[in-house]
Amino acid sequence: MESNGEQIKTFIFGNKTKQNPTDGSETLKILIPELLLPGYSFYTWPSAQVLAWFLWERRLSLPNKRVLELGAGTSLPGIVAAKCGAHVTLSDCSTLPKTLQHIQRCCRLNSLTPGKDIEVVGLTWGLFLDQIFQLGPIDFIIGSDIFYDPSVFEDILVTVSFLLEANPQARFLVAYQERSSDWCIETLLKKWGLQCNIVDTEHLGSELGIDSQELMGNHTIHLLEVTRRT
């Protein structure tokens, strides 16, 4: 389906062969509009699908959880969380109005009304403007493929550190595609009082017969859980 250069991509969570199952199993269909425009925000990267599946498999724990997605782009993980009952705020750079408009488009296409069913805010990593102080309590911070440019790694972790200090029990779940073995956030994590664990994704989707490598598109994708250093 295409309109004005827009292509609608369909993501099925659950049994892909049974969109209307009769065996009581659940499925969720998410429609994501993608645009052929410069920038990272208008395409759904493989890391987003990995994180979205991780959240889907834990959907029973999501109702009423407060979730903030950083660098949301096409917002697949955040929309999945919202559809599973979480209170979700989607954020992206406050100086990219077209990106924020596209996030709203993604929400509406999945019957989520911004300002009612889901929130969309401008939030620039490393800047402490009014928006970050108005977020309220958070249980989970999520992000996918936001560690793509080393020049912004510290800005991301400064923001995460601030949010985790305000929400000590919260966790930051981030999926990222390995692009260079030279890129490392370990020193920055320590600098900003954070620690991380690698989350096992080897069996992601296995209960439904889905190959995790298929989800990753033959890329090397890692999922990290970042918390305050104890």
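Figured I'd write up the structure that's included with this text. (Residues numbered from 1 in each chain as written. Predicted model: local features only at pLDDT ≥ 70, side-chain atom pairs only at ≥ 80, totals over all residues. Heavy atoms only, no water.)

Regarding the side chain of Glu69
- Looking at the secondary structure, you find Glu69 in strand S4 (residues 66–69).
- The contact partners of Glu69, leaving out residues within four places of it in the chain, are Ser75, Pro77, Gly78, Thr89, Leu90, Ser91, Ile142 and Ser144. (Helix = DSSP H or I, 4+ residues; strand = E, 2+ residues; numbered from the N terminus. Contact = heavy atoms within 4.5 Å.)

Overview of unusual backbone geometry
- In this structure, Ser75 is a non-glycine residue whose phi angle is positive, near 70 degrees.
- Assessed through its relative accessible area of 0%, Ser75 is described here as buried.
- One non-glycine residue with positive phi stands out, namely Ser111, at about 60 degrees.
- Residue placement: Ser111 occurs in the loop between helix H3 (97–109) and strand S6 (119–122). (Buried < 20%, exposed > 50% of the residue type's maximum accessible area, 1.4 Å probe, protein only.)

Notes on the packing of aromatic side chains
- Across all of its chains, the model carries 6 aromatic pairs by this definition.
- Aromatic pair Tyr43 and Trp45: ring centres 4.8 Å apart, planes at 80 degrees, arrangement edge-to-face.
- On the basis of relative accessibility, which here comes to 29%, the residue Trp45 falls in the partly exposed class.
- On the basis of an interplanar angle of 80 degrees and a centroid distance of 5.5 Å, the ring pair of Phe133 and Phe162 is categorised as edge-to-face. You can see Phe133 sitting in helix H4 (residues 130–133) and its partner Phe162 sitting in helix H5 (residues 153–166), a full 29 residues away along the chain. (Phe/Tyr/Trp six-rings, centres within 6.5 Å; stacked < 30°, edge-to-face > 60°.)

A few points about the side chain of Thr89
- Relative to the assigned elements, Thr89 resides in strand S5 (residues 87–92).
- Setting aside its immediate chain neighbours within four residues, Thr89 contacts Val67, Leu68, Glu69, Glu119, Val121 and Leu135.

Remarks on the nonpolar core
- Within the largest apolar cluster, 39 residues are counted, with the highest numbers of intra-cluster contacts made by Phe13, Ile30, Leu76, Val80 and Val88.
- Leave out the neighbours within four places in its chain, and Val88 touches Val67, Gly78, Ala81, Ala82, Ile118 and Glu119.
- Listed in part, the 26 residues of the second largest apolar core include Leu68, Leu123, Phe172 and Leu188. (Core = buried A, V, L, I, M, F, W, Y, C linked by side-chain atoms within 4.5 Å.)

Comments concerning H5
- Over its 14 residues, H5 runs 20 Å from end to end, which matches the ideal 20 Å to within 8%, given 1.5 Å per residue.
- Considered for burial, the residues of H5 that qualify are Phe153, Ile156, Leu157, Val158, Thr159, Val160, Ser161, Leu163 and Leu164. (Expected span 1.5 Å × (residues − 1).)

Quick look at the pattern of salt bridges
- Tallied over the entire structure, the rule returns 6 salt bridges.
- Across the pair Arg105 and Glu6 runs a salt bridge whose closest N-O atoms are separated by 2.7 Å. You can see Arg105 sitting in helix H3 and its partner Glu6 sitting in strand S2 (residues 6–14), a full 99 residues away along the chain.
- Residue classification places Arg105 among the partly exposed residues on the basis of a relative accessible area of 33%.
- Of the charged contacts in the structure, one is a salt bridge between Lys191 and Glu154, with a shortest N-O distance of 2.7 Å. Residue Lys191 is found in helix H6 (residues 186–191), and its partner Glu154 is found in helix H5; the two are separated by 37 residues along the sequence.
- The class of Lys191 is exposed, set by a relative accessible area of 55%.
- Overall, Glu154 belongs to the partly exposed group, its relative accessible area being 26%. (Salt bridge = Lys/Arg side-chain N within 4 Å of Asp/Glu carboxyl O.)

Concerning H3
- Over its 13 residues, H3 extends 18 Å from the first C-alpha to the last, a length consistent with the 18 Å expected when each residue adds 1.5 Å.
- By the burial criterion, the buried members of H3 are Thr99, Leu100, His102, Ile103, Cys106 and Cys107. Axial view of H3: buried residues confined to an arc of 160 degrees, hence all on one face. Away from its buried face by more than 90 degrees, H3 exposes Lys98 and Arg108.
- Where H3 is buried, its residues touch strand S3 (27–35), helix H2 (76–83), S5 and S6.
- With its phi angle positive at about 60 degrees, Ser111 sits one or two positions after the end of H3. (Arc of directions from axis to C-beta.)

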